[in-house]
Amino acid sequence: MFIGCKEQNLRKGYKKGDFAHHYKSEDKQESYFDNFSIEDKTYGTKTEVKIMGDKRIMITSSLSNHKTGEFPRKGNPNTISAQNRIYTFTVNPKYTGIPQWVREPGVALNGVKFEPGTAEVVECETGENYRVEAFQDIIDLGLDFNNAHVQPTGAYHYHGAPTSVIEGFDEGEDLVHVGFAHHGFPVYYKYAYSDASDSNSSVVAMSSSYQLKSGSRGGDGVTAPCGMHDGVYSNDYKYIFDLGTLDEANGRTGVTTEYPAGTYYYYYYVITDDFPSIPRFFRGTPSQDFKIGMEYERVLLCLNDFVLI
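Residues numbered from 1 in each chain as written. Predicted model: local features only at pLDDT ≥ 70, side-chain atom pairs only at ≥ 80, totals over all residues. Heavy atoms only, no water.

A.B. asks: Tell me what's going on with the pattern of salt bridges, and back it up with residues and numbers.
C.D. replies: Enumeration over the complete set of coordinates arrives at 8 salt bridges. We note a salt bridge from Asp273 to Lys190, for which the minimum N-O separation is 2.9 Å. A residue pair is termed long-range when its members are at least 10 positions apart, and Asp273 in the loop between β19 (267-271) and β20 (281-282) and Lys190 in the loop between β13 (186-189) and β14 (191-193) qualify at 83 residues. A relative accessible area of 18% places Lys190 in the buried class. Between Asp236 and Arg217 there is a salt bridge, with the nearest N and O atoms lying 2.9 Å from each other. With a gap of 19 residues between them, Asp236 in the loop between β16 (210-212) and β17 (237-239) and Arg217 in the loop between β16 and β17 connect regions that are remote in the sequence. For the pair formed by Asp236 and Arg217, the shared burial category is buried. What you see here is one network of salt bridges that share partners, running through Arg103, Glu104, Lys113 and Glu115. (Salt bridge = Lys/Arg side-chain N within 4 Å of Asp/Glu carboxyl O. Helix = DSSP H or I, 4+ residues; strand = E, 2+ residues; numbered from the N terminus. Buried < 20%, exposed > 50% of the residue type's maximum accessible area, 1.4 Å probe, protein only.)

Below, the structure is given as structure tokens:
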């Protein structure tokens, strides 16, 4: 696949979801760091999480607990279907400090995965790869009002700020906890304390430390992309240390609502409205099941009464 320069006509900035469509749980709970379950017969949601030793085990249908767009739809011919996944997170995540690129950084509390990158990649003769961003006006990827769509496997997944998740899991606390990264650190939406070490400080919107590169890409439009760096490709952005409040992984070190004294959740990720929106890098070591996969039925047998069928 190649995108020519003449086809580029982009809207500026990242698409924000339609907050008119959202899910509100009838049975709120104090913290999603403990055992919890989410079930919604309307949408087929079935997600259960239990702490077992030093592991947080999530068994999920991977069906959202909120309204989605109609699928199949223009730009996305796929149909949403249950995935029946099992995820394992450590409850004692370790901060490595070394950013590592990852395709699927984590999972929302409802069991739907975060996957900010797309499958549309331009491979150049120079060996460079240009990955097309989800939010651009060249290729219609069929995203719905949750900034999500469906893979050929039937997996519904979020490419940007999951608007209905944000609304549904907003407990009225200072920080909105929306998910977990694959190595155990929590994921929040947009807001955090202005003083990272003080839970009594004001709550402000976090800002990304990425910005568009200046000038043009330098390609000829045939063997490599040309035109200005306008956000069509991930490569159009560059990270600038301390430009915003978040680091290269869209994370920061600081206290949270649930852990005002810090503890091992002293590092966390933030989903922003602007690029990269959902973090693209890890600063920890993910569980092996995210690399090699797990057999759904086999794990169910091992967990005895912890069954989601």
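Let us keep going from here.
A.B. asks: A description of the side chain of Ser31 should follow, citing residues and the corresponding values.
C.D. replies: In this fold, Ser31 is placed in the segment before β1 (36-40). Reaching out from Ser31, the side chain makes a polar contact with the backbone nitrogen of Phe33 at a distance of 3.0 Å. (Polar contact = N/O pair within 3.5 Å; in protein donor to acceptor, adjacent residues only side chain to side chain.)

A.B. asks: Before we move on, could you go through the sheet that holds strand β4 (residues 85-90) and cite the residues and values that matter?
C.D. replies: Pairing in this open sheet of 4 strands is antiparallel, and the strands run β1-β2-β3-β4 from one edge to the other. With one partner strand each, in any of the chains shown, β1 and β4 form the two edges of the open sheet. Ignoring which end each strand starts from, the neighbouring axes of this sheet average 15 degrees apart. Pairing analysis gives 5 bridges linking β1 to strand β2 (residues 45-52), with the strands arranged antiparallel. From the neighbouring strand, Ser37 faces β2, where its bridge partner is Glu48. (Pairing = 2+ DSSP bridges. Axes fitted to C-alpha atoms, helices over the stretch in contact; angles between N-to-C directions.)

A.B. asks: Could you give an account of the side chain of Thr60, with specific residues and numbers?
C.D. replies: As for its placement among the helices and strands, Thr60 is situated in strand β3 (residues 55-60). Residue Thr60 is classed as buried on the basis of its relative accessible area of 0%. Among the polar contacts listed, one links the side chain of Thr60 to the side chain of Thr47, at a separation of 2.7 Å.

A.B. asks: Talk me through the sheet that holds β19; I want residue IDs and the actual numbers.
C.D. replies: An order of β10-β11-β7-β6-β12-β13-β19-β18 is seen for the 8 strands of this open sheet, with the pairing classed as mixed. In this open sheet, the two edge strands, each paired with only one partner strand, are β10 (148-150) and β18 (251-253). Strand direction decides the pairing type here: strand β12 (residues 177-181) and β13, joined by 3 bridges, are antiparallel. Opposite His177, over in β13, you have Tyr188 as the bridge partner.

A.B. asks: Requested: an account of the nonpolar core, with residues and values cited.
C.D. replies: Formed by 50 residues in total, the largest nonpolar core has its most connected members in Phe114, Tyr156, Tyr158, Val178, Tyr189, Tyr269 and Ile271. When residues in this core are grouped by element, the largest group, 5 residues, is from β19. Ignoring anything within four residues of it in the chain, the contact list for Tyr156 reads Ser64, His66, Thr68, Phe71, Ile80, Val112, Lys113, Asp144, Asn146, Ala148, His149 and Val150. (Core = buried A, V, L, I, M, F, W, Y, C linked by side-chain atoms within 4.5 Å. Contact = heavy atoms within 4.5 Å.)

A.B. asks: Could you give an account of the packing of aromatic side chains, with specific residues and numbers?
C.D. replies: The full count for this structure, using the stated rule, is 18 aromatic pairs. Both rings, one in Phe33 and one in Tyr259, keep their centres 5.3 Å apart while their planes meet at 80 degrees; by these two values the pair is edge-to-face. Of the two residues, Phe33 is situated in the segment before β1 and Tyr259 in the loop between β18 and β19; the sequence distance between them amounts to 226 residues. Here Phe33 matches Tyr259 in class, with each residue buried. Where Tyr130 meets Tyr233, the ring centres are 5.3 Å apart and the plane angle is 75 degrees; that geometry is what we call edge-to-face. Residue Tyr130 is located in strand β9 (residues 129-131), and its partner Tyr233 is located in the loop between β16 and β17; the two are separated by 103 residues in the primary sequence. The pair formed by Tyr130 and Tyr233 is uniform in burial state, with each residue classed as buried. Against the face of Phe71 rests Arg73, its NZ or CZ located 5.2 Å from the ring centre. (Phe/Tyr/Trp six-rings, centres within 6.5 Å; stacked < 30°, edge-to-face > 60°. Lys NZ or Arg CZ within 6 Å of the ring centre and 35° of its normal.)

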